[in-house]
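Residue-level structure breakdown
The chain contents come next:
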Amino acid sequence: MSVAKGPAGEKVRVIAIDGPAGSGKSTVARRLAERLGLEYLDTGAMYRSVAFAAMAREIDLADADAIVEVAQTSDIRVEDTAVIVDGVDATTQIRGPEVTRSVSTVAAISGVREVLRVRQQAWVLERGGGVLEGRDIGTAVFPDADLKVYLSASAAVRAKRRAGEVSALDYETVAAELAARDAADSTRQHDPLVQAPDAVHLDTTDLSIDEVVDELLARLR
Ligand code: DC
């Protein structure tokens with residue numbers, strides 16, 4: 001059964017954008033959502049929120065069952081500019097180095113993925129559609145999405161983009177951590193980052209955001 005159906009069985013509009021860190025997903029997804037009049041969901045922020053909640057509750061990251069319980073019981077609100085976890089504004093902390101280093105471990109737990117996948121599907125159905133970005137949107141969350149996009153970019157450009165966002169860390173540290181996170185996200189057993197066979201692949205290394213968005217809008221027409 002297709003999950004991309006509204007309460008009355010009507011088709012909902014879903015755009016799935018996947019790719020590694022720094023490939024341009026967030027900016028592209030946000031702008032595409034604006035142009036299409038749809039809402040935007042950063043699913044990575046949800047995985048980061050579970051890691052944040054686990055750390056706040058002082059849970060051992062090696063205890064997968066306890067982390068699944070955190071995912072099940074935490075109240076995660078990913079809004080346009082703020083992320084609220086169990087009533088606490090975690091917007092800044094979920095992007096910090098501690099969460100960034102532990103999030104791949106949390107995202108590799110199948111029970112966590114199951115909980116968040118169901119929430120992501122419900123989020124779309126409540127809104128009648130949306131633009132979602134992550135690692136497994138086109139492969140696992142919405143395999144019937146209207147448009148599936150896989151963004152990539154050279155490792156050097158991706159690290160440079162990320163280093164520009166996190167001024168506390170130097171380029172070499174960001175590049176090494178990014179490579180380690182990509183390797184973990186692409187080789188894990190459950191819903192690893194892979195390009196869906198029917199996804200449009202764009203290499204954003206030498207493309208502007210507008211060029212990417214215009215190309216995707218053309219594909220939708
Ligand atoms: O997009 P991001 O860097 O904020 O994502 C944080 C982590 O969450 C990333 O290392 C992999 C994981 N993630 C995932 O496994 N599946 C998703 N749909 C989104 C993110």
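As the structure is a computational prediction, the values presented were derived from the model and not from experiment.

Next up on the list: helix H5 (residues 110–127). Between its first and last C-alpha atoms H5 spans 26 Å; for 18 residues at 1.5 Å apiece the expected length is 26 Å, and the two agree. Listed in full, the buried residues belonging to H5 are Gly111, Val112, Arg113, Val115, Leu116, Gln120, Gln121, Trp123 and Val124. Just beyond H5, the residue with positive phi is Gly128, at close to 75°.

For the ligand, the set of nearby residues contains 16 residues, the closest of which are Arg48, Arg113, Arg181, Asp185 and Arg188. At a separation of 2.8 Å, an oxygen atom of the ligand approaches a polar side-chain atom of Arg113. With respect to the ligand, the side chain of Arg181 contributes an N or O atom lying 2.8 Å from an oxygen atom. Relative to its free-state accessible area of 450 Å², the ligand is covered by the protein chains to the extent of 98%. At the level of secondary structure, the elements contributing two or more residues to the shell around the ligand comprise helix H2 (43–56), helix H4 (97–107) and helix H8 (171–187). In terms of residues, the shell around the ligand owes the most to one element, H2, which gives four residues. When grouped by side-chain class, the residues that make up the shell around the ligand number three nonpolar, four polar and nine charged.

At a closest axis distance of 10 Å, the pairing of helix H1 (residues 25–36) and helix H9 (residues 209–220) adopts a crossing angle of 50°. It follows that H1 is oblique to H9 by the angle criterion. Relative to H9, H1 is oriented so that their crossing is right-handed. Residue-level contacts link Thr27, Val28, Arg31, Leu32, Arg35 and Leu36 of H1 to Ile209, Asp210, Val212, Val213, Asp214, Leu216, Leu217 and Leu220 of H9. Of the residues in the contact of H1 with H9, the class split is nine nonpolar, one polar and four charged.

Criteria and thresholds
- Residues numbered from 1 in each chain as written.
- Predicted model: local features only at pLDDT ≥ 70, side-chain atom pairs only at ≥ 80, totals over all residues.
- Heavy atoms only, no water.
- Helix = DSSP H or I, 4+ residues; strand = E, 2+ residues; numbered from the N terminus.
- Expected span 1.5 Å × (residues − 1).
- Buried < 20%, exposed > 50% of the residue type's maximum accessible area, 1.4 Å probe, protein only.
- Near = heavy atom within 4 Å.
- Polar contact = N/O pair within 3.5 Å; in protein donor to acceptor, adjacent residues only side chain to side chain.
- Areas by Shrake-Rupley, 256 points an atom, 1.4 Å probe, with all protein chains shown as cover.
- Nonpolar A, V, L, I, M, F, W, Y, C, P; charged D, E, K, R; others polar.
- Axes fitted to C-alpha atoms, helices over the stretch in contact; angles between N-to-C directions.
- Parallel < 35°, antiparallel > 145°, perpendicular 65-115°, else oblique.
- Left-handed = near helix turned anticlockwise from the far one by under 90°.
- Contact = heavy atoms within 4.5 Å.

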